[in-house]
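# Topology and contacts: notes
Each chain, written out:
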Amino acid sequence: MNVKFPKENAPIKLYRHPLSGHCHRVQLMMSLLDIPYETIDLDMDNGAHKTPSYLKISPFGQVPAIDDNGITLTDSNAIIIYLEKKYNNDYEWYPQDPVQAAEVQRWLSVAAGEIAYGPNAARLAKVFGANIDYEIAQRKTYTLFTVLERILNTRNYLAGNTITVADVAGYSYISLAPEGDISLESYPGIRAWLERIESQPRFIGTQRAPLSTI
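The structure reproduced in this document is the subject of the present report. Given the structure is predicted, the values throughout are model-derived calculations rather than measurements.

Cut-off values and rules
Residues numbered from 1 in each chain as written. Predicted model: local features only at pLDDT ≥ 70, side-chain atom pairs only at ≥ 80, totals over all residues. Heavy atoms only, no water. Helix = DSSP H or I, 4+ residues; strand = E, 2+ residues; numbered from the N terminus. Rg over C-alpha atoms; globule rule 2.2 N^0.38 Å. Contact = heavy atoms within 4.5 Å. Phe/Tyr/Trp six-rings, centres within 6.5 Å; stacked < 30°, edge-to-face > 60°. Buried < 20%, exposed > 50% of the residue type's maximum accessible area, 1.4 Å probe, protein only. 1 Å grid on protein atoms, 1.4 Å probe; cavity = no way out; pocket = protein on both sides within 12 Å on 5 of 7 lines; lining within 4 Å. Points joined across faces, edges and corners; volume = space filled by probe spheres on them. Nonpolar A, V, L, I, M, F, W, Y, C, P; charged D, E, K, R; others polar. Axes fitted to C-alpha atoms, helices over the stretch in contact; angles between N-to-C directions. Parallel < 35°, antiparallel > 145°, perpendicular 65-115°, else oblique. Left-handed = near helix turned anticlockwise from the far one by under 90°. Lys, Arg positive; Asp, Glu negative; His and termini not counted. Salt bridge = Lys/Arg side-chain N within 4 Å of Asp/Glu carboxyl O.

### Brief notes about the overall build of the protein chain
For the protein chain, the helix and strand inventory stands at eight helices and four strands. Starting at the N terminus, the α and β elements of the protein chain follow one another as β-α-β-α-β-β-α-α-α-α-α-α. In terms of overall dimensions, the protein chain is globule-like: its C-alpha atoms have a radius of gyration of 17 Å, near the 17 Å expected for 214 residues. For the protein chain, the spread of C-alpha atoms along the principal axes amounts to about 50 × 45 × 25 Å. Sequence-distant contacts in the protein chain: of pairs separated by 6 or more residues, those separated by 24 or more amount to 67%.

### As for the packing of aromatic side chains
Under the counting rule described, the total for this entry stands at four aromatic pairs. Ring geometry for Y91 and W93: centres 5.3 Å apart, planes at 75°, overall edge-to-face. Among the residues examined, W93 registers a relative accessible area of 1% and is labelled buried. Ring plane angle 75° and centroid distance 5.4 Å describe the contact between F145 and Y187, whose orientation is recorded as edge-to-face. With F145 in helix α6 (residues 134-152) and Y187 in the loop between α7 (165-175) and α8 (188-198), this residue pair connects regions lying 42 residues apart in the sequence. A relative accessible area of 12% places Y187 in the buried class.

### A word on the layout of surface pockets
By volume, the largest pocket is sized at about 510 Å³. Forming the boundary of the largest pocket are 24 residues, of which S20, H22, V63, P64 and Y173 lie nearest the centre. Listing elements by their share of the lining of the largest pocket, those giving two or more residues are α1 (21-32), α3 (76-87), α4 (98-112) and α5 (114-128). At five residues, the largest contribution of residues to the lining of the largest pocket is made by α5. For the lining of the largest pocket, a count of residues per class yields twelve nonpolar, nine polar and three charged.

### A look at the environment of G61
With respect to the element layout, G61 can be found in the loop between α2 (52-55) and β3 (65-68). When the C-alpha atoms of G61 and K126 are compared, they prove to be 23 Å apart, with 65 residues separating the residues in sequence. The contacts of G61, once residues within four sequence positions are left out, are H49, K50, Y54 and L55.

### A closer look at the packing of α4 against α7
Running from N to C, α4 and α7 point in directions that differ by 15°, and their axes come no closer than 8 Å. As judged from the angle between their axes, α4 and α7 are roughly parallel. The hand of the α4/α7 crossing is left-handed. Between α4, through V104, W107, L108 and A111, and α7, the contact on the second element is made entirely by V165, A166 and A169. In terms of residue class, the contact of α4 with α7 is built from seven nonpolar, no polar and no charged.

### A word on unusual backbone geometry
Omega for the peptide link from V63 to P64 comes to 5°, which places this bond in the cis form. Take P64: it is sitting in the loop between α2 and β3. Here the phi dihedral of N69 falls at roughly 50°; this positive angle occurs in a residue that is not glycine. Topologically, N69 is positioned in the loop between β3 and β4 (71-74). A relative accessible area of 39% places N69 in the partly exposed class. Of note in the backbone geometry, D75 takes a positive phi value of approximately 75° without being a glycine.

### A short note on the side chain of D167
In this structure, D167 sits in helix α7. The buried charged residue D167 lacks any salt bridge, with R196 as its nearest oppositely charged partner at 7.8 Å. The residues touching D167, leaving out its near neighbours within four places in the chain, are Y157, L158, T162, W193 and I197.

So, in structure tokens, the structure goes:
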């Protein structure tokens, strides 16, 4: 894939927490598009995400955020759409066809809904000790995975038989499900889907939590 990135532009700055799946989602999109970027890890334990300077970039004090030569954006799904629209020029990661576009958008909503409240929440409880009802998150994950397994037994990717931003949005937290003590062993369709994403040129994996925190 060819990307139009002006030579005079500085690399995109990605403000992140290295263990965040939301941040990995953005980093994966930039890597797949072969966009120059640099990561800036925020010391969130000491409030780096709540400083006045960072709140100018991310008003809610959340990660990820990017600074693309003066254009600042937050929300991982919004960022990956921006990156696709601005820097991709020969492959439709976000299809133009109305039906296909709607299908992709549906999965972006799933990433912000069922995935966030399922495998992401379970991992937050197990790895970070978040005040989350783990059993509810676990049940939501199993419900989600049952649906995904059925769908991925009929097609190669979430929105069809070609990879899209839907898969980028869904990959990170599903691949990290074992850190939330949820095995993928019973879901061969999901595991095959993860492997297809991981076989993409310039794929980069998620950073795993230290074993001492799990």
